[in-house]
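Residue strings, one per chain:
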Amino acid sequence: MIESIINSFITIYFYMIFAYVLLSWVPNARESFIGEFLGKLVEPYLSIFRKIIPPIGGMIDISPIVALIALQFAAAGLKSVILFLIGG
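What you are looking at is a predicted structure, and each value in this text was computed from that prediction instead of being measured. (Residues numbered from 1 in each chain as written. Predicted model: local features only at pLDDT ≥ 70, side-chain atom pairs only at ≥ 80, totals over all residues. Heavy atoms only, no water.)

S.K.: Even after reading the chapter, I still don't get a nonpolar patch on the surface, so can you show me in this structure?
M.R.: A surface patch of nonpolar side chains, about 1,000 Å² in accessible area, is lined by Met1, Ile2, Ile5, Phe9, Val81, Leu83, Phe84, Leu85 and Ile86. For the nonpolar patch, the element with the highest residue contribution is helix H3 (residues 63-86), accounting for five residues. Along the chain, the position of Val81 falls in helix H3. Accessibility expressed as a relative area gives 47% for Val81, which makes it partly exposed. (Patch = residues over 30% accessible without salt bridge, like charges linked within 9 Å, V, L, I, M, F, W, Y side chains within 5 Å. Areas by Shrake-Rupley, 256 points an atom, 1.4 Å probe, with all protein chains shown as cover. Salt bridge = Lys/Arg side-chain N within 4 Å of Asp/Glu carboxyl O. Helix = DSSP H or I, 4+ residues; strand = E, 2+ residues; numbered from the N terminus. Buried < 20%, exposed > 50% of the residue type's maximum accessible area, 1.4 Å probe, protein only.)

S.K.: Can you help me understand the layout of surface pockets in this one?
M.R.: Rolled over the atoms, a probe sized like a water molecule indicates the empty space that remains. In this structure, the largest pocket spans a volume of roughly 300 Å³. Together, 14 residues line the largest pocket, and Val21, Ser24, Trp25, Asp61 and Pro64 are the ones closest to its centre. Looking at the lining of the largest pocket, the elements with two or more residues in it are helix H1 (2-23) and H3. (1 Å grid on protein atoms, 1.4 Å probe; cavity = no way out; pocket = protein on both sides within 12 Å on 5 of 7 lines; lining within 4 Å. Points joined across faces, edges and corners; volume = space filled by probe spheres on them.)

S.K.: Teacher, can you tell me more about the confidence of the model for the protein chain here?
M.R.: Low pLDDT marks regions whose predicted coordinates should not be analysed in detail. A residue-level look at the protein chain finds 99% of positions with pLDDT of 70 or above and a mean pLDDT of 91. Mean pLDDT across the elements of the protein chain ranges from a minimum in H1, with 92, to a maximum in helix H2 (residues 33-52), with 95. (pLDDT = per-residue confidence, 0-100.)

S.K.: Can you walk me through the nonpolar core in this structure?
M.R.: Soluble globular proteins: nonpolar side chains tend toward being buried together. Ranked by size, the top nonpolar core spans 16 residues in total, and within it Ile17, Val42, Tyr45 and Leu46 carry the most contacts. The element that contributes the greatest number of residues to this core is H1, accounting for six residues. For Val42, the residues in contact, after removing those within four places along its chain, are Tyr13, Met16, Ile17 and Tyr20. (Core = buried A, V, L, I, M, F, W, Y, C linked by side-chain atoms within 4.5 Å. Contact = heavy atoms within 4.5 Å.)

S.K.: Sorry, what's going on with the pattern of salt bridges here?
M.R.: For side chains of opposite charge, pairing can occur when their charged atoms come near one another. Considering all chains together, one arrives at two salt bridges under this definition. Arg50 is the partner of Glu43 in a salt bridge, and the nearest nitrogen-oxygen pair spans 2.7 Å. In this structure Glu43 comes out as partly exposed when scored by relative accessible area, which is 23%. You can call Arg50 partly exposed: its relative accessible area is 27%. A salt bridge links Arg50 to Asp61; the shortest N-O distance between them is 2.8 Å. Placement of Arg50 in helix H2 and of Asp61 in the loop between H2 and H3 is noted, with a sequence separation of eleven residues between them. According to the relative accessible area criterion, Asp61 is partly exposed, its value standing at 30%.

Have a look at this one:
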């Protein structure tokens, strides 16, 4: 039960990050309602990685890739801790 809830939240957030990154390829898409909405939810998390990982060649930002990988590891760790605590 708890594992499926965590999986659902992580999957939704994963796709939100993915959609936000795809919006960067479309001119002015991030200024739309959806772009601004996703930005408010995703940018605080991505900004952590953007501070650490500089763009490659000044233009290619790989921080979302690292952020998605870190999200998967954090989800696995969270599920393990919760399952340990509830004895599952």
